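Listed below are the residues making up each chain.
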Amino acid sequence: MRIYALAVYLFLYIPIGIIALFSFNAGRHASQFQGFSTQWYGKALSNPFVMDALTTSLTVALSSAVLATLFGTMAAMALQSVRGRLRLAFDALIYIAVMVPGIVIGIATLIALVTVFDWLNPILAAIWPLADAAPKLTLGYGSLIAAHGLFAMALVIIIVRARMAGMDRSLIEASADLGATPWGTFRQVTLPQIFPGILAGFLLAFTFSFDDFIIAFFVAGSQTTLPIYVFSSIRRGVTPEINAIGTMVLGVSLLLLVAAQAILQRGRKAG
Amino acid sequence: MESNLKPFSETQAAPIAELRGASKHYGAVVAAEGLNLAIRRGEFLSFLGPSGCGKTTALRMLAGFETPTSGDILLDGQRVNDVPPHQRPVNMVFQHYALFPHLTVAQNIGYGLRQRRPRPPETEIARAVDQALETVRMPGFGPRRIWEMSGGQQQRVALARAIVNQPKLLLLDEPMAALDKKLRREMQIELQTLQRQLGITFILVTHDQEEALSMSDRICIMRGGRIVQVGSPRELYDRPTTRYVADFVGKSNFFAGKVTKVAAGRTELAVAAGRQIAGVAPVDIAVGQTATASLRPEQIALSRETAGQTVPVEVINRIFLGEHTEYLVRNIDLGDFLVLVSRQAEASEGGFEPGDQAFASWTDGAALILSDD
Ligand SMILES: Nc1ncnc2c1ncn2[C@@H]1O[C@H](COP(=O)(O)OP(=O)(O)OP(=O)(O)O)[C@@H](O)[C@H]1O
Ligand SMILES: [Mg+2]
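Only a predicted model underlies this, so the values are computations on that prediction, with no experimental measurement involved.

Reading guide: rules and limits
- Residues numbered from 1 in each chain as written.
- Chains lettered and ligands numbered in written order.
- Predicted model: local features only at pLDDT ≥ 70, side-chain atom pairs only at ≥ 80, totals over all residues.
- Heavy atoms only, no water.
- Contact = heavy atoms within 4.5 Å.
- Buried area = accessible area lost by both parts, 1.4 Å probe.
- Salt bridge = Lys/Arg side-chain N within 4 Å of Asp/Glu carboxyl O.
- Helix = DSSP H or I, 4+ residues; strand = E, 2+ residues; numbered from the N terminus.
- Nonpolar A, V, L, I, M, F, W, Y, C, P; charged D, E, K, R; others polar.
- Near = heavy atom within 4 Å.
- Polar contact = N/O pair within 3.5 Å; in protein donor to acceptor, adjacent residues only side chain to side chain.
- Pairing = 2+ DSSP bridges.
- Axes fitted to C-alpha atoms, helices over the stretch in contact; angles between N-to-C directions.
- Patch = residues over 30% accessible without salt bridge, like charges linked within 9 Å, V, L, I, M, F, W, Y side chains within 5 Å.
- Areas by Shrake-Rupley, 256 points an atom, 1.4 Å probe, with all protein chains shown as cover.
- Buried < 20%, exposed > 50% of the residue type's maximum accessible area, 1.4 Å probe, protein only.
- Core = buried A, V, L, I, M, F, W, Y, C linked by side-chain atoms within 4.5 Å.
- Domains from an automatic or database assignment.

Enquirer: What exactly am I supposed to notice about the interface of chain B and chain A here?
Expert: Many authors give the size of an interface as the accessible area that is lost as the parts come together. At the interface, 20 residues of chain B touch 20 residues of chain A. Summed over both partners, the interface of chain B with chain A buries about 1700 Å², with 58% contributed by carbon and sulfur atoms. When the buried area of chain B at its contact with chain A is split by residue, His86, His102 and Tyr111 of chain B rank highest and sum to 33% of it. On inspection of chain B and its partner chain A, the count reaches 1 salt bridge. Here Glu173 of chain A ties to Arg60 of chain B by a salt bridge, and the two come within 2.7 Å at their closest N and O atoms. For the side of chain B that touches chain A, the secondary-structure elements that each account for two or more residues are helix H1 (55-63), strand S6 (90-93) and helix H2 (105-114) of chain B. Looking at the side of chain B that touches chain A residue by residue, the classes come out as 12 nonpolar, 6 polar and 2 charged.

Enquirer: In this structure, what is going on with the site of ligand 1? I would like to understand it.
Expert: Residue and element names in this part refer to chain B. If you check the shell around ligand 1, you find Tyr26, Val29, Ala31, Ser51, Gly52, Cys53, Gly54, Lys55, Thr56, Thr57, Glu174 and His207 and nothing else. A distance of 3.0 Å separates an oxygen atom of ligand 1 from a polar backbone atom of Gly54. With respect to ligand 1, the side chain of Thr57 contributes an N or O atom lying 2.5 Å from an oxygen atom. With 3 residues, the single largest contributor to the shell around ligand 1 is H1. Classifying every residue of the shell around ligand 1 by side-chain character gives 4 nonpolar, 6 polar and 2 charged.

Enquirer: Where do I start with the pairing of strand S17 (residues 324-331) of chain B in this structure?
Expert: For a regular strand, side chains alternate in direction, first toward one face of the sheet and then toward the other. All names here are of chain B. Note: strand S16 (residues 310-320) against S17, 6 bridges, orientation antiparallel. Bridging from a neighbouring strand, Phe320 pairs with Thr325 of S17. Between S16 and S17, which pair antiparallel in sequence order, lie 3 residues; one of them, Gly322, sits at a positive phi of approximately 90°. Pairing of S17 with strand S18 (residues 335-342) involves 8 bridges; the strand directions are antiparallel. Residue pairing in the sheet places Glu326 in a bridge with Leu340 of S18. Hairpin connection from S17 to S18: 3 residues lie between these consecutive antiparallel strands.

Enquirer: Looking at this model, I keep getting lost on the sheet that holds strand S20 (residues 368-370) of chain B. Mind explaining?
Expert: Either a parallel or an antiparallel arrangement is found when strands of a sheet pair, and the pairing is made through backbone hydrogen bonds. Residue and element names in this part refer to chain B. Spatially, the 5 strands line up as an open sheet ordered S13-S12-S11-S14-S20, and their pairing is antiparallel. The open sheet terminates on both sides in strands that have one partner only, identified here as strand S13 (276-279) and S20. Across this sheet, the average inter-strand angle for adjacent strands is 45°, counted without regard to direction. Where strand S11 (residues 253-263) lies against strand S12 (residues 266-270), 5 bridges are found, and the strand directions are antiparallel. Residue pairing across strands places Lys258 opposite Ala270, the latter belonging to S12.

Enquirer: Explanation requested: a nonpolar patch on the surface in the structure shown.
Expert: Residue and element names in this part refer to chain A. A surface patch of nonpolar side chains, about 1100 Å² in accessible area, is lined by Met1, Tyr4, Val8, Tyr9, Leu12, Tyr13, Ile16, Leu250, Leu254 and Leu257. At the level of elements, helix H1 (2-22) and helix H11 (240-270) are the ones that each hand at least two residues to the nonpolar patch. Of all the elements, H1 adds the most residues to the nonpolar patch, at 6 residues. On the basis of relative accessibility, which here comes to 47%, the residue Leu254 falls in the partly exposed class.

Enquirer: Looking at this structure, I do not really get the nonpolar core. What am I missing?
Expert: In a soluble, globular protein the nonpolar side chains are often hidden away together inside. In this structure, Ile39, Phe47, Leu62, Leu169, Leu171 and Ile203 of chain B are the most contacted members of the largest nonpolar core, which totals 85 residues. Per-element tally for this core: the top contributor is helix H6 (residues 141-165) of chain A, with 10 residues. Those residues in contact with Ile203 of chain B that sit more than four places away from it in its chain are Ile39, Leu45, Phe47, Leu59, Leu62, Leu169, Leu170, Leu171 and Leu172 of chain B.

Enquirer: I tried to follow the domain arrangement of chain B on my own but got confused; where do I start?
Expert: As assigned here, chain B comprises domain 1 (17-238) and domain 2 (252-371). Measuring from the centre of the C-alpha atoms in domain 1 of chain B to the corresponding centre in domain 2 of chain B gives 40 Å.

Enquirer: Would you mind showing me how to read the packing of helix H3 (residues 48-80) of chain A against helix H10 (residues 226-234) of chain A here?
Expert: All names here are of chain A. Between H3 and H10, the shortest axis-to-axis distance is 7 Å and the interhelical angle comes to 145°. Mapping the contact onto sequence places Phe49, Val50, Ala53, Leu54 and Ser57 in H3 and Leu226, Pro227 and Tyr229 in H10. The residue makeup of the contact of H3 with H10, split by class, is 7 nonpolar, 1 polar and no charged.

Enquirer: Would you take a moment to explain the pattern of salt bridges for this structure?
Expert: Between side chains of opposite charge, a pair can form when the charged atoms approach closely. For the coordinates displayed, the defined rule picks out 25 salt bridges over all chains. Linking Glu190 of chain B and Arg156 of chain B is a salt bridge whose minimum nitrogen-to-oxygen distance equals 3.0 Å. Taken together, the residues span a long stretch of sequence, with Glu190 of chain B in helix H5 (residues 181-198) and Arg156 of chain B in helix H4 (residues 151-163) at a distance of 34 residues. Taking relative accessible area as the criterion, Arg156 of chain B reaches 10% and is therefore assigned buried. One salt-bridge network, held together by shared partners, links Glu173 of chain A together with Lys24, Arg60 and Glu66 of chain B.

Enquirer: How should the side chain of Gln188 of chain A be read in this particular structure?
Expert: With respect to the helices and strands, Gln188 of chain A occurs in helix H8 (residues 182-211). Side chain to side chain, Gln188 of chain A and Gln115 of chain B meet in a polar contact 2.9 Å long.

Enquirer: How should I be thinking about helix H7 (residues 169-177) of chain A in this particular structure?
Expert: Three or more residues of H7 of chain A are buried, namely Ser170, Leu171, Ala174, Ser175, Ala176 and Asp177 of chain A. Tucked into the core, H7 of chain A has its buried residues touching H8 of chain A together with H1, S6, H2 and H4 of chain B. Positive phi appears at Gly179 of chain A, one or two residues downstream of H7 of chain A, with a value of about 100°.

Okay, structure coming up:
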């Protein structure tokens, strides 16, 4: 059993370790290590295509995480007062959203968006009041942010709700009893209490979007996020530069995940 | 708040709060039914009753967390059924204190003042907070975090957080349930002192009869969502109207029987084996009804010789209680009952040992004849 578990872990992590290791390779071969160097990181960061993709990724991740956190928190709050069958239905939908494979979400979102765009664009063109050509709805930033935001929202709802469930209901009553209006109670008691959950949800939403390749691949249109850039570069062979990018993405993601976990743990203690 | 709108004509005698036929149903569950109670200005009133009898529900209707299904809640003569909790000049000390963990002790206590509009200046809030900490004997604790304090200290902070607002009613829902026995006794005395000192009307919920008896001006005894009897501890002890109250307040011996005779101020009850117990019925009772005679252990005397209306008993057990000795005695017809003998009486009569034969007696009218509900 031990050996089996060990084998699984090795199988999972050795390739990742190799990527990280070879990103520090002084030579340009992906198969033999020729001394330590950070030159590939410099190369990657001075590559305008990489920087473009990084900017796109960061913009999309930040926007979708903000939206997901905002709407996810509001949804979690609203779900507090939903009871019975309706509650069960909502819960099921949220968990399904998290469990549906990315490729299904990607394809479904793509089809849905294209259908809607095809339907809306002629209408938009017809009612456009100005002389120049009407703007066309296309895949791009908007669809990326929407798809990522929607998916990450489910994550945020789950995390924030877990945090709310752990919160002492009598705190809200105590606040009202002491004269705070419902909004005052939300601002001064509920929000500080669930803030660790919100922050952790934000970080997870950001990480999810920053890492995601599958959904982005379908809905990115002409935009290139970092994972898409890596994917298309690999077709020209794996270079240490790609390894460096991969290692950086990995590093950022791990950092954010650890931070999210730490926030939730700390919050649990202080809450 | 609404107190500012009230005319000055209101007299000291008008109740500060009232429940008028207040009922609360949760679907088929009747949590409170037709509660009628006028709460006097400045009194210390306790709701006493077993678990699930509706004490918390009554308190929460006063605080505004529950809206009565029917009936009215009045504060200072005004109907407040539809006034939300944050607009009621009433504060509550929660059972588990419900202190805000993300705020310091001082911020917790100042919370209520900061909600006022216009908001008082910070210096004024700080002064009020310091004074409240002083009142609960915790000066200098302001900067502490909530989890750095013991249960007793948290309890005091919760109290300070409520009294700093000078509420018309201070509601306390089993505030001492989480404290150990010694600390509870201390807090009881402190709470009582505080109430006298502040003159705020206190309403305490408890299922500890000793606590209610020792602290309250009046006790409201509840059962199954209804009020059974309201009165001072002495009234409830001396003149319970039902067996339930006699049983709940202090110790008593009960002898079940059937009413045989009702005359002015004297009701007779036939208990086991043709024995009669005569007593006073606080509530009218008809001949033929089943009833219970209640006799407090200290109203029964124990002697070696028979004199007047006595029953022969055998001493079964003896418990030394300091100033008193409690005997468990047995009569063939009446069964086992308790007798409390004072040190004085024992000195003149001599002590009794288990196995001794003796005579138990009580004065006419000592027994209460109570209906069974
Ligand atoms: N929100 C609710 N929904 C349904 N039933 C309730 C609700 N709150 C109280 N009850 C029921 O109403 C009854 C009275 O409850 P309440 O909390 O007032 O009792 P209590 O006297 O305070 O008891 P305890 O000493 O255990 O605190 C109980 O039977 C309880 O189960
Ligand atoms: Mg209760």
